[in-house]
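# Chain and residue survey
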Amino acid sequence: RWRALCAVAARGGARGVVKRLADVIPQSVLQDMKVLSKRKQKGVSLKYMMDFGQNPVSRQLLLSAQFLHEELPTRLAHRVMELEGLPFGLSFKPQVLKVRDWYVESFKELREMPPVQTLEDEEKFTTLLGKIKQRHDFVVPMVALGVASLKQEMHFSKSWYELPDIHSFLDRFYMSRIGIRMLIGQHLSLHDPPRPEKIGLIDTVMSPYSIVHEAIEDARHICFRQYGDAPEIALFGSEDLQCAYVPDHLHHMIFELVKNSLRAVSDRYMDADVDAPPIKIVIAEGNEDITIKVSDEGGGIARSGLPKIWTYLYSTASSPLTQLTEDDIQNAPAVLAGYGYGLPLCRLYARYFGGELQVISMEGYGTDAYLHLSKLGTSEEPLP
């Protein structure tokens, strides 16, 4: 059955002008890309990034640029080759072709850049990295548009989560993107004016309490806008607790979890005569992890539905993706909030630095989400 569907989808995509990689880039570039796509990627850990960026003197900047000059083309090549061979005709979707071409363009620019040997070279390389980062800003929603159009075309709404090939591709692709953006962002921010507690994007004394507090405010603001009200949130934990982490990643994850809880509770108590019960958030420190638990009484998720929450484009909110055009993408929220991308992406962010995200639910009562952040920071990037 899947093979037949795959053939139909591929034929559907092939009806347009399919620009295979060999048609759009010189043979020499394609060959180079194939060689690099077989090379092992080199993962780095949070601790390594911190040790390395501790004193961003000229030598450190040079070493960082030299590492990226060699590593980024390898990572981009892996992804381009994967984008070429996706199942169900996904490779032929115009949005996926566009993303592939962005990756190819970045690959070519990096390979054309001569080796970084002087500080002047490093400056030019850093300018190029900024340009590449900007080019890839809308990769997540653009791939999502391609996937949404495939889903619509194949009428898989009921068994969409049963397509492991698509989901494992998206996990690999987005995990790789988190890594690429982290490495580029880290190098770019080493050029920022030094601040004692910051090493690039990493805050060495980040207060989980204050980041969680900010994410709560932002999520409640969205809830107020949508429902005209927002359930109370009680936050428990030490305000003095500190750890080294990327504040933006933590904010992104907590915002998503709290937003889901606010929506569940608001929907459940919308017409109730009693006040909605507060959402409880607990921050606890162990020897290995800092764990943040988000508990709501929003009615929970059926046990049969739990596996689906980790699949892309499975959402209880109405998906605006089908109405979006490629031009709208630049104005769409980058997080794809509520479009069935929130939880799977959050879990990737958690795993990127050796953490985890788990969701346990009691149907008829509520849901608990446990976000684990590794305190040790020694695990390497889980490179696909």
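The coordinates are above.
## Some points on the nonpolar core
Ranked by internal contacts, the top residues of the largest apolar core, which has 105 residues, are Tyr-174, Leu-250, Ile-281 and Leu-371. Ranked by the residues each element gives to this core, the list is headed by helix H9 (residues 164–189), at 11 residues. In this structure, Leu-250 is in contact with Met-206, Pro-208, Ile-211, Tyr-245, Ile-292, Leu-371 and Leu-373, ignoring residues within four places of it in sequence.

## Looking at empty space enclosed by the protein
On inspection of all chains with the given rule, the structure shows three cavities of 30 Å³ or more. When its volume is computed, the largest cavity comes out at roughly 160 Å³. Considering the residues around the largest cavity, the lining is formed by Val-44, Tyr-48, Met-49, Phe-52, Gly-53, Ser-64, Phe-67, Leu-68, Leu-183, Gln-186, His-187 and Leu-190. Of all the secondary-structure elements, those providing two or more residues to the lining of the largest cavity are helix H4 (46–53), helix H5 (58–84) and H9. When residues in the lining of the largest cavity are grouped by element, the largest group, four residues, is from H4. Broken down by class, the residue content of the lining of the largest cavity amounts to eight nonpolar, four polar and no charged. Lining the second largest cavity are Leu-76, Tyr-103, Ile-132, Lys-133, His-136, Arg-177, Ile-180, Arg-181 and Ile-184. Sort the elements by how many residues they give to the lining of the second largest cavity and H9 lands first, with four residues. Taken together, the residues that form the lining of the second largest cavity break down as five nonpolar, one polar and three charged.

How each quantity is defined
- Residues numbered from 1 in each chain as written.
- Predicted model: local features only at pLDDT ≥ 70, side-chain atom pairs only at ≥ 80, totals over all residues.
- Heavy atoms only, no water.
- Core = buried A, V, L, I, M, F, W, Y, C linked by side-chain atoms within 4.5 Å.
- Buried < 20%, exposed > 50% of the residue type's maximum accessible area, 1.4 Å probe, protein only.
- Helix = DSSP H or I, 4+ residues; strand = E, 2+ residues; numbered from the N terminus.
- Contact = heavy atoms within 4.5 Å.
- 1 Å grid on protein atoms, 1.4 Å probe; cavity = no way out; pocket = protein on both sides within 12 Å on 5 of 7 lines; lining within 4 Å.
- Points joined across faces, edges and corners; volume = space filled by probe spheres on them.
- Nonpolar A, V, L, I, M, F, W, Y, C, P; charged D, E, K, R; others polar.

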